[in-house]
Amino acid sequence: MPAADPPRRPHYLAPPSRRRVLGLAGAGVGGWAAMGFAAAPVAASSAGVADASLAAGLLSRAGTRVVIIPRTLSTTSRGTGPATAVFRIGYVAVRWSGPGGDAGPGLAAGPGNTVPAIRLRRANGGYGTWSPLAVGCPAERDDRGPGASSAHAVLMGARTATGYELRVPPGASGVAVTALNTTSGPPRRLTVPDVTAQAALAAVAGLSAAVSSSDPARARAVPRPRRAPLAASAGPAPAVGPPPAAQTTPPPAFSATPASSAPPGSASSALGLRYLPRAAWGADESLRLDPATGQPWRTTYHPGQVITVHHTVTPNDDPDPAATVRAVYHFHTVERGWADIGYHFLIDEAGTLYEGRWSGTDGVPGHRPDGQVVTGAHVGGFNAGNVGVALLGDHRTRVPTAAARRSLVLVLQALCGAHSLNPVGSVDYVSPAGGARRRVSAISGHRDWMATECPGAALSTALDAVRLEVVQGLL
């Protein structure tokens, strides 16, 4: 388990005094958010350094720990099958070009229709029922050529299948299926940085100093905060759904867990939140290399303008969410050709926060030290300066768990602080990569950018209340 955040001692200052301190120090909403996440007492002598330097200090004190993580097993077949794998399959990644069919939630996938569908082979050799293949979170890189063919890709949970067979719409071509096992491969013993959620979120919020120095107008776009961002959210979040089975089910062997348990009496997290940087959940960094050159793909950075919320459309009640993150990483990096995972942050049903897209060696997730956001691949044509946060699971009909929702609020608070965004406001997004424009909410859903169900009807409905929780924490 990740090391616990340091214990937080309560501190109390009257709101007028806090506003005065912030005004004298010139700290914006991000600086105050950084101080709140850092859990440091606020004083005139320290308020002026509540920026990236404070957060960097927290990260620099991080130690290391040992984790045992399995290598990902994969095998790819061409065509509709039937096909089998020599290992138990946890996920299948299906790709094809041409017609997408009429797949949707609850739509039958019987013979004679045009719905793309799959059926899985059981351990006893028999097949299950046909299930429609619906593209749940469609996305693309910003540099996808205008003449590129219509491509479709789906990542589907297979649990412990041993094979599969497909049906695709008439006219579909280039059908390929990759079977993935992210739980049973040869184990790797890795030494990884022991970064707390508190330090990671303080580092993100503290980037506001770098952002404000390059664009002072944006620092004035949000009213000065009046109280600590975590003061209203230190207690349990309101219940918004049943707890996942993952919270009571022990993780499988070789999960992304430390080789030894935490020492007795270790301090509980100040945020009640676990954080796994890339190495801790098992990101195979060799996948980010261009096979032709052996060098990493080109990485770009831009000022942050907006935040977009997604769901991964992976199975709910996930017994091993870190294994699912590894499957999503392989799907985006290898099958989709996005050079890395498309999202900047991911959150599982237990509220654990995962570092997404690689942004550098400074330890600040999703950003460079100057506050610019690494370009992801989660909203095609609108990725530059757009921070993607994905909740693991399928939220078309199921609301996020209380733990996932609380973690989402905390991450959004840090991001709004870093980029001086009004959580309940709108922004006029302009892509620095291609000039595409869109007026959207500062905290938007994937469906605000394109025709898609993502982030699911249940999560989309909850976003208005989530925005209010974020702004209440910042004000």
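Residues numbered from 1 in each chain as written. Predicted model: local features only at pLDDT ≥ 70, side-chain atom pairs only at ≥ 80, totals over all residues. Heavy atoms only, no water.

1. Quick look at the sheet that holds strand β13 (residues 345-347)
Read across the open sheet, the 6 strands follow the order β10-β14-β13-β16-β12-β19; overall the sheet is mixed. This sheet does not close on itself; its edge strands, each paired only once, are β10 (275-276) and β19 (443-445). On top of the sheet, helix α11 (residues 457-474) reaches β12 (306-311), β16 (386-391) and β19; it is set at about 175 degrees to β19, its chief contact. (Pairing = 2+ DSSP bridges. Helix = DSSP H or I, 4+ residues; strand = E, 2+ residues; numbered from the N terminus. Contact = heavy atoms within 4.5 Å. Axes fitted to C-alpha atoms, helices over the stretch in contact; angles between N-to-C directions.)

2. Some words on the environment of Phe345
With respect to the helices and strands, Phe345 occurs in strand β13. With 68 residues separating them in the primary sequence, Phe345 and Pro277 have C-alpha atoms 9.9 Å apart. Here Phe345 is in contact with Val204, Leu353, Tyr354, Gly356, Pro365, Val387, Gly388, Val389, Ala390, Val411 and Leu415, once residues within four sequence places are set aside.

3. Re helix α10 (residues 402-419)
A rise of 1.5 Å per residue sets the reference length of α10, with its 18 residues, at 26 Å; its end C-alpha atoms lie 26 Å apart and thus fit the reference within 8%. Summarising burial for α10: 16 of the 18 residues are buried, a large majority. Positive backbone phi, at 50 degrees, marks Ser420, one or two positions downstream of α10. (Expected span 1.5 Å × (residues − 1). Buried < 20%, exposed > 50% of the residue type's maximum accessible area, 1.4 Å probe, protein only.)

4. What to know about helix α5 (residues 197-205)
Counting buried positions along α5 yields 9 of 9 residues, so the element is predominantly enclosed. For α5, every residue scored as buried is listed here: Ala197, Gln198, Ala199, Ala200, Leu201, Ala202, Ala203, Val204 and Ala205.

5. Some words on the pattern of salt bridges
Within the structure shown, the criterion is met by 14 salt bridges. Measuring nitrogen to oxygen at the nearest pair gives 3.5 Å for the salt bridge that ties Asp194 to Arg65. Taken together, the residues Asp194 in strand β8 (residues 187-194) and Arg65 in strand β1 (residues 63-70) connect sequence positions 129 residues apart. Judged by its relative accessible area of 15%, Asp194 is buried. Note on Arg65: relative accessible area 10%, which makes it buried. Through salt bridges with shared partners, a single ionic network connects Arg278, Glu285, Arg288 and Asp340. (Salt bridge = Lys/Arg side-chain N within 4 Å of Asp/Glu carboxyl O.)

6. A few points about the packing of α5 against α10
Interaxial distance between α5 and α10 falls to 7 Å at its minimum, and their mutual angle equals 30 degrees. Regarding the angle of α5 to α10, the classification is roughly parallel. Packed against α5, whose contacting residues are Leu201, Val204 and Ala205, the element α10 presents Leu410, Val411, Ala414, Leu415, Gly417 and Ala418 at the interface. Among the residues forming the contact of α5 with α10, the class breakdown is 8 nonpolar, 1 polar and no charged. (Parallel < 35°, antiparallel > 145°, perpendicular 65-115°, else oblique. Nonpolar A, V, L, I, M, F, W, Y, C, P; charged D, E, K, R; others polar.)

7. Side note on the packing of aromatic side chains
If you walk through the whole model with that rule in mind, you get 4 aromatic pairs. Between Trp281 and Tyr329, the aromatic rings sit 5.5 Å apart at their centres with planes inclined by 75 degrees, giving edge-to-face as the arrangement. Pair noted here: Trp281 is in helix α8 (residues 278-281) and Tyr329 is in helix α9 (residues 321-335), with a separation of 48 residues, a long-range link. The buried category is assigned to Trp281, whose relative accessible area is 0%. Where Phe382 meets Trp449, the ring centres are 5.1 Å apart and the plane angle is 45 degrees; that geometry is what we call tilted. Of the two residues, Phe382 is situated in the loop between β15 (373-374) and β16 and Trp449 in the loop between β19 and α11; the sequence distance between them amounts to 67 residues. Note on Phe382: relative accessible area 10%, which makes it buried. Aromatic rings pair up to connect Phe382, Tyr429 and Trp449 into one cluster. Its end group placed over the ring of Trp130, Arg167 keeps NZ or CZ at 4.0 Å from the ring centre. Lying across the ring of Trp358, Arg288 places its NZ or CZ 4.5 Å from the centre. (Phe/Tyr/Trp six-rings, centres within 6.5 Å; stacked < 30°, edge-to-face > 60°. Lys NZ or Arg CZ within 6 Å of the ring centre and 35° of its normal.)

8. Concerning the side chain of Thr333
Looking at where Thr333 falls in the secondary structure, it is placed in helix α9. Residue Thr333 is classed as buried on the basis of its relative accessible area of 6%. Only 2.7 Å separates the side chain of Thr333 from the backbone oxygen of Tyr329, close enough to count as a polar contact. Beyond its immediate chain neighbours, meaning those up to four positions away, Thr333 contacts Leu287, Arg288, Trp338, Ala339, Asp340 and Ile341. (Polar contact = N/O pair within 3.5 Å; in protein donor to acceptor, adjacent residues only side chain to side chain.)

9. Points about the sheet that holds strand β3 (residues 83-97)
In spatial order, the strands read β2-β7-β3-β6-β4-β5; together these 6 strands make up an open sheet with antiparallel pairing. The strands lining the two open edges of the sheet, one partner per strand, are β2 (73-78) and β5 (131-132). Both β2 and strand β7 (residues 173-181) contribute to a ladder of 6 bridges, which runs antiparallel. Its bridge partner being in β7, Ser77 is matched across the sheet by Val177.

Just geometry here; none of it tells us what the structure is for.
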